[in-house]
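# Structural characterization, general
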Amino acid sequence: MKFLEENLLDHLQRPEFAELLSSLSVKQFSKGSFLCQPGQKDNFIFILASGRVRVYLGYEEKEFNLGILTKGDIYSTHAGTFVQALENTDVLMTDVTTFRREMAKDSEVTKAMVRVLGNILKTSFSIIDGLVFKDANSRLVAFLTGEARRHGIKEDDGIRVTIDLPVEQIARLVGSSRQTVSTLLNDLVRAELIIRSGRGTFVIPDISLLESVGGVEHT
């Protein structure tokens with residue numbers, strides 16, 4: 001569930017943004033560690049240089065995933081969410097004051113940050129809508145088809161999409177249990193609505209049919 005279509009790191013490699021890039025320091029996080037948590041006083045901006053992290057809200061024993069950040073995505077430590085490394089991760093980080101000063105020189109970075117926050121807000125409303133009005137199957141289908149439409153590759157046999165997340169993480173993203181999501185995925189495979197094509201990769205032969213069966217409206 002990548003938040004930016006472009007890779008912000010590629011943008012920052014341009015010579016005119018050398019000063020902004022030099023203001024960022026590399027920090028490493030091991031798998032399972034937290035980049036930030038609610039109530040944390042640190043006030044930093046970071047860009048993922050490698051790895052993946054999940055952004056989620058937590059209340060008592062429940063977790064509500066807002067999405068996955070990958071290489072080139074940008075986020076802040078003061079957004080009031082949990083940000084946890086799904087694998088060993090490197091980030092480029094600087095304090096908000098420095099970033100704000102450098103950001104004023106580069107409107108593209110500002111636009112990227114606004115898009116990330118906008119997508120998180122959109123995802124938050126989608127989570128609320130899904131948990132209130134849709135069942136687990138519809139939420140799973142919406143997740144699969146959404147990823148396919150944004151990042152899938154069209155091939156002769158359908159749209160190939162690489163999720164590259166364990167079932168447990170997919171379950172958290174759609175607000176369900178691992179067992180339920182595993183069962184639903186198997187049901188979709190048996191119905192030939194999706195085809196497993198390797199670890200974490202699926203082919204959707206007819207995405208409109210899958211959306212229709214799952215009660216998902218494509219906008």
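Preceding this paragraph is the structure being described.
## Digging into the sheet that holds strand β12 (residues 201-204)
Strand order in the open sheet formed by four strands is β9-β10-β12-β11, and the pairing between neighbours is antiparallel. Looking at the sheet topology across the chains shown, the edges are occupied by β9 (153-155) and β11 (195-196). One ladder, built from two bridges, connects β11 with β12; its direction is antiparallel. Each residue of the ladder has a partner; that of Arg 196, found in β12, is Phe 202. Packing against the sheet, helix α5 (residues 136-151) makes contact with β9, β10 (158-162) and β12, and its axis sits at approximately 100° to β10.

## Overview of the sheet that holds strand β8 (residues 89-95)
Across the sheet, which stays open at both edges, the four strands sit in the order β1-β8-β3-β6 with antiparallel pairing between neighbours. The open sheet has two free edges, formed respectively by β1 (25-29) and β6 (74-76), since each of these has just one partner strand. When strand polarity is set aside, the average angle formed by the axes of neighbouring strands in this sheet is 35°. Pairing analysis gives three bridges linking strand β3 (residues 44-50) to β6, with the strands arranged antiparallel. By the bridge assignment, Ile 47 is partnered in β6 with Ile 74.

## Section: the environment of Val 203
With respect to the helices and strands, Val 203 occurs in strand β12. Along the backbone, Val 203 and Ala 148 are 55 residues apart, and their C-alpha atoms lie at a distance of 8.9 Å. Filtering out sequence-adjacent residues up to four positions away, Val 203 remains in contact with Asp 157, Gly 158, Ile 159, Arg 160, Ile 194, Ile 195 and Ser 197.

## Some remarks on the nonpolar core
In terms of nonpolar packing, the biggest core is built from 27 residues, with Leu 140, Leu 144, Ile 163, Leu 188 and Ile 194 touching the most fellow members. Secondary-structure elements contributing two or more residues to this core are α5, β10, α6 (167-173), α7 (178-190), β12 and α8 (207-214). No other element matches the six residues that α5 contributes to this core. Aside from chain neighbours lying at most four places away, what touches Leu 188 is Asn 137, Leu 140, Val 141, Leu 144, Leu 193, Ile 194 and Leu 210. Leu 35, Leu 48, Val 53 and Val 55 belong to the second-largest nonpolar core, a separate cluster that totals 14 residues.

## Points about the pattern of salt bridges
By the definition in use, this model includes five salt bridges. Note that Glu 87 is salt-bridged to Arg 52, the shortest N-O span being 3.3 Å. Residue Glu 87 is located in the loop between β7 (82-85) and β8, and its partner Arg 52 is located in the loop between β3 and β4 (53-59); the two are separated by 35 residues in the primary sequence. Judged by its relative accessible area of 30%, Glu 87 falls in the partly exposed class. Note that Glu 168 is salt-bridged to Arg 172, the shortest N-O span being 3.2 Å.

Analysis parameters
- Residues numbered from 1 in each chain as written.
- Predicted model: local features only at pLDDT ≥ 70, side-chain atom pairs only at ≥ 80, totals over all residues.
- Heavy atoms only, no water.
- Pairing = 2+ DSSP bridges.
- Helix = DSSP H or I, 4+ residues; strand = E, 2+ residues; numbered from the N terminus.
- Contact = heavy atoms within 4.5 Å.
- Axes fitted to C-alpha atoms, helices over the stretch in contact; angles between N-to-C directions.
- Core = buried A, V, L, I, M, F, W, Y, C linked by side-chain atoms within 4.5 Å.
- Buried < 20%, exposed > 50% of the residue type's maximum accessible area, 1.4 Å probe, protein only.
- Salt bridge = Lys/Arg side-chain N within 4 Å of Asp/Glu carboxyl O.

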